[in-house]
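For reference, the chains in residue letters:
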Amino acid sequence: MPRKSFRLLSPLRCAWLGLLLASPLVAHAASSAPSTSSTPSTSLTPQDVALLAASCINCHGPQGQSRGGIPPLAGQTQAHLRQRMLDFQAGTATDATVMTRLMKGYDSAQIEALAQWFSGALAKGGQR
């Protein structure tokens, strides 16, 4: 019986699969978020931030260390990551694809927490 060859997913299919898998996480984060995005969250626990970051790693890789065409988050400064996310949220990032839509769901405290999380990610896949 001939063996079926293993077919890798294209980057676009991986991105869609990642978004599909992240949907429940984002929905959970959104359901516990304040009703307006202009009101910052006041009490984000490390578990809350880990849940938010889980949706990012689907595209940006474990610990934010992408090896593909999507930019890595690990190793970037907190200020750079914060500004990029704010640019995506405002719709002013000219190189954005899906990020503009995704960042609309985060408030300023969540953006700050994600910037802090990924700026502190270890360079070689270490654990937090």
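Residues numbered from 1 in each chain as written. Predicted model: local features only at pLDDT ≥ 70, side-chain atom pairs only at ≥ 80, totals over all residues. Heavy atoms only, no water.

Let's talk about the packing of helix 3 (residues 78-90) against helix 5 (residues 108-119)
And then number 1: Axis separation between helix 3 and helix 5 bottoms out at 8 Å; the angle between their running directions is 140°. Overall, the two elements helix 3 and helix 5 adopt an arrangement that is oblique. Taken as a pair, helix 3 and helix 5 cross one another with a handedness that is right-handed. Touching Gln78, Leu81, Arg82, Met85, Leu86 and Gln89 of helix 3 are Ile111, Glu112, Leu114, Ala115, Gln116, Phe118 and Ser119, all from helix 5.
And then number 2: Classifying every residue of the contact of helix 3 with helix 5 by side-chain character gives seven nonpolar, four polar and two charged. (Axes fitted to C-alpha atoms, helices over the stretch in contact; angles between N-to-C directions. Helix = DSSP H or I, 4+ residues; strand = E, 2+ residues; numbered from the N terminus. Parallel < 35°, antiparallel > 145°, perpendicular 65-115°, else oblique. Left-handed = near helix turned anticlockwise from the far one by under 90°. Contact = heavy atoms within 4.5 Å. Nonpolar A, V, L, I, M, F, W, Y, C, P; charged D, E, K, R; others polar.)

Quick word on helix 3
And then number 1: With 13 residues, helix 3 extends 18 Å from end C-alpha to end C-alpha; this agrees with the ideal 18 Å at 1.5 Å per step.
And then number 2: For helix 3, the complete set of buried residues consists of Leu81, Met85 and Phe88. Seen end-on, helix 3 carries its buried residues on one side only, within an arc spanning 60°.
And then number 3: Phi for glycine 91, located one or two positions after helix 3, is positive at around 80°. (Expected span 1.5 Å × (residues − 1). Buried < 20%, exposed > 50% of the residue type's maximum accessible area, 1.4 Å probe, protein only. Arc of directions from axis to C-beta.)

Quick word on the pattern of salt bridges
And then number 1: The final tally for this structure, using the stated rule, is two salt bridges.
And then number 2: Here arginine 82 ties to glutamate 112 by a salt bridge, and the two come within 2.4 Å at their closest N and O atoms. With a gap of 30 residues between them, arginine 82 in helix 3 and glutamate 112 in helix 5 connect regions that are remote in the sequence.
And then number 3: In this structure, arginine 84 engages aspartate 95 in a salt bridge whose closest nitrogen and oxygen atoms are separated by 2.9 Å. With arginine 84 in helix 3 and aspartate 95 in the loop between helix 3 and helix 4 (99-103), the pair connects residues that are eleven residues apart, well separated along the chain.
And then number 4: Residue arginine 84 is classed as partly exposed on the basis of its relative accessible area of 25%. (Salt bridge = Lys/Arg side-chain N within 4 Å of Asp/Glu carboxyl O.)

Regarding the environment of glutamine 76
And then number 1: The topology assignment puts glutamine 76 in the loop between helix 2 (46-60) and helix 3.
And then number 2: Its relative accessible area of 29% is what places glutamine 76 among the partly exposed residues.
And then number 3: Note: C-alpha distance between glutamine 76 and alanine 115 (39 residues apart in sequence) is 8.8 Å.
And then number 4: In this view, glutamine 76 contacts Leu81 and Ser119; residues no more than four positions away in its chain are not counted.

Some words on the packing of helix 2 against helix 5
And then number 1: Direction vectors running N to C along helix 2 and helix 5 enclose 75°, while the axes themselves pass 10 Å from each other. Here helix 5 runs roughly perpendicular to helix 2, going by the angle between their axes. Along its contact with helix 2, which presents Pro46, Val49, Ala50, Leu52, Ala53, Cys56 and Ile57, the element helix 5 presents Gln110, Ala113, Leu114, Trp117 and Phe118.
And then number 2: Its residues assigned to classes, the contact of helix 2 with helix 5 comprises eleven nonpolar, one polar and no charged.

Concerning unusual backbone geometry
And then number 1: Residues other than glycine seldom take positive phi values, yet glutamine 63 does so here, at roughly 55°.
And then number 2: Examined against the element boundaries, glutamine 63 turns out to sit in the loop between helix 2 and helix 3.
And then number 3: Taking relative accessible area as the criterion, glutamine 63 reaches 18% and is therefore assigned buried.

Remarks on the nonpolar core
And then number 1: Of all hydrophobic cores here, the largest spans 17 residues; its most connected members are Leu81, Met85, Met103, Tyr106, Leu114 and Phe118.
And then number 2: Elements represented by at least two residues in this core include exactly helix 2, helix 3 and helix 5.
And then number 3: The element that contributes the greatest number of residues to this core is helix 5, accounting for six residues.
And then number 4: Discounting chain neighbours no more than four positions away, the residues touching methionine 85 are Met103, Ile111, Leu114 and Ala115. (Core = buried A, V, L, I, M, F, W, Y, C linked by side-chain atoms within 4.5 Å.)

In short, geometric facts, not functional conclusions.
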